[in-house]
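# Summary of structural features
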Amino acid sequence: MGKHTVHINRRSAVGLISAALAAPFVLRSASAQSALPEQTAVPDILKGSGEVRVATFGGATQDAQQKAWFEPFEKATGIKVRIFPGVAAVKTKAMVDTGNVEWDLVDTSRQGILQLMKAGDYFEKIDYSLIDDSLPKEFRFEYGVEELIWAQVMGYRTDAFKGAAPASWADFWDLDKFPGDRAMYGNANNPELEFALMAAGGPADKLYPIDIDKALASYDKIKKRVVKWWTAGAQPPQMLTDREVVMTTVSNGRMSTLIEQGAPVAINWNQGLLRRNAWGVPKGAKNKGNAMKLIAYSLMPIPQARFAMLIPYGATNPAANKHIPPQRLAMLPSAPEIQKQLVFFNEEWWVENGSAVQEKFSKWLLG
């Protein structure tokens, strides 16, 4: 299919990710940061010279990447890391189309990479010969590799239900047992159809392919109490804090900040969506080799652990867990006891069906 025959939705690939990851998180204290595990040596094959130019989401996620990955990578390898906040699929596409590729590495999503690859040859194949063998296969794909885990979960006020606690999406939908207003993600590019299906009794391991009409019929039962269909990641924690809602869908990182601040809120991890960020190397990147080296470094167990200790997102490499203090691991979506409760978000299904979902959800929302 030709490069100009496929419509690229500028927001669908990274909309929810950017909403979740651009959060103003409070990093751990300086003393805690000084206790980060150190990667004392790297394989000679990762050493080099020159630079690598990395496009990021900015904010606290970039700050954590800088401390966990970029700075120690520079020191260990001799390769300079230059950061460009403000990654976007449309920018990546334009760079490759014009042959002026200013980025060597982009922090995006599998969905974002696959969406662009439908339109043409926009990314380089990942050099898996450099990458740690302990990275599971589910986080690997031909044109990208997933470097961090976050979760879209249920957040709720602990003082709202007289000691009861919602434990599933069926409870989120139960307006009698758990009365009060709700909020949910309302961007038509990625509505939370999985939650609607699980609320209707759909097995978590059989959600895909999603029955869109069945999911919307499930939404009908709760629509009257969803007072806000949010589109910016800062909205749900603020609504919980202000008592505008008693329950909301939200990223785990946003909730971790509220919990650490002592707010009367909690996360229900059960049936949350296991979301991931992915590294991609734009086609024609001038420093492709150095980009592959930085990818490989970021996926080593200790660098992965450093990142998870700085911001409440998890490691895709489970070998990182032994380097993370148990108290910290217990609040991460990559903790074994938490990860097994989450549903692996099917990026491939959304790439193929996102347009149909967007059309139907937009009509339903206005109906």
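This text goes with the structure placed above it.
Described in the following lines is the structure provided in the data block. (Residues numbered from 1 in each chain as written. Predicted model: local features only at pLDDT ≥ 70, side-chain atom pairs only at ≥ 80, totals over all residues. Heavy atoms only, no water.)

## Notes on unusual backbone geometry
The criterion, for reference: Secondary structure elements are taken from DSSP: a helix is a run of H or I of four residues or more, a strand is a run of E of two residues or more, and numbering for both begins at the N terminus. For every residue, the accessible area (1.4 Å probe, protein chains only) is compared with the maximum for its type, and the residue is labelled buried under 20%, exposed over 50%, or partly exposed between those bounds.
With an omega dihedral of 0°, the bond running from Tyr208 to Pro209 counts as a cis peptide bond. In this structure, Pro209 sits in the loop between helix H7 (193-199) and helix H8 (212-220). The backbone of Gln271 shows a phi angle near 70°, a positive value even though the residue is not glycine. Structurally, the position occupied by Gln271 is in strand E9 (residues 265-280). Given the relative accessible area of 17%, Gln271 is considered buried.

## Structural notes on helix H11 (residues 288-298)
Most of H11 sits inside the fold, with nine of its 11 residues counted as buried. Among all positions of H11, only Asn290, Ala291, Met292, Lys293, Leu294, Ile295, Ala296, Tyr297 and Ser298 are buried.

## Overview of the pattern of salt bridges
For clarity, the cut-off: One speaks of a salt bridge when a side-chain nitrogen belonging to Lys or Arg is within 4 Å of a carboxyl oxygen belonging to Asp or Glu.
Counted under the stated rule, the structure contains 21 salt bridges. The residue Glu146 makes a salt bridge to Arg110 at a minimum N-O spacing of 3.0 Å. In this pair, Glu146 sits in strand E5 (residues 144-157) while Arg110 sits in helix H5 (residues 110-119), placing the two residues 36 residues apart along the sequence. Residue classification places Glu146 among the buried residues on the basis of a relative accessible area of 0%. Asp159 serves as the salt-bridge partner of Arg243, at 3.3 Å between the closest nitrogen and oxygen. Of this pair, Arg243 sits in the loop between helix H9 (235-241) and strand E8 (247-251) while Asp159 sits in the loop between E5 and helix H6 (169-173), and the two are 84 residues apart along the sequence. On the accessibility criterion, Asp159 (40% relative accessible area) is partly exposed. A network of salt bridges, in which partner residues are shared, links Arg110, Glu146, Arg276 and Glu348.

These results come straight from atomic positions and should not be treated as a statement about function.
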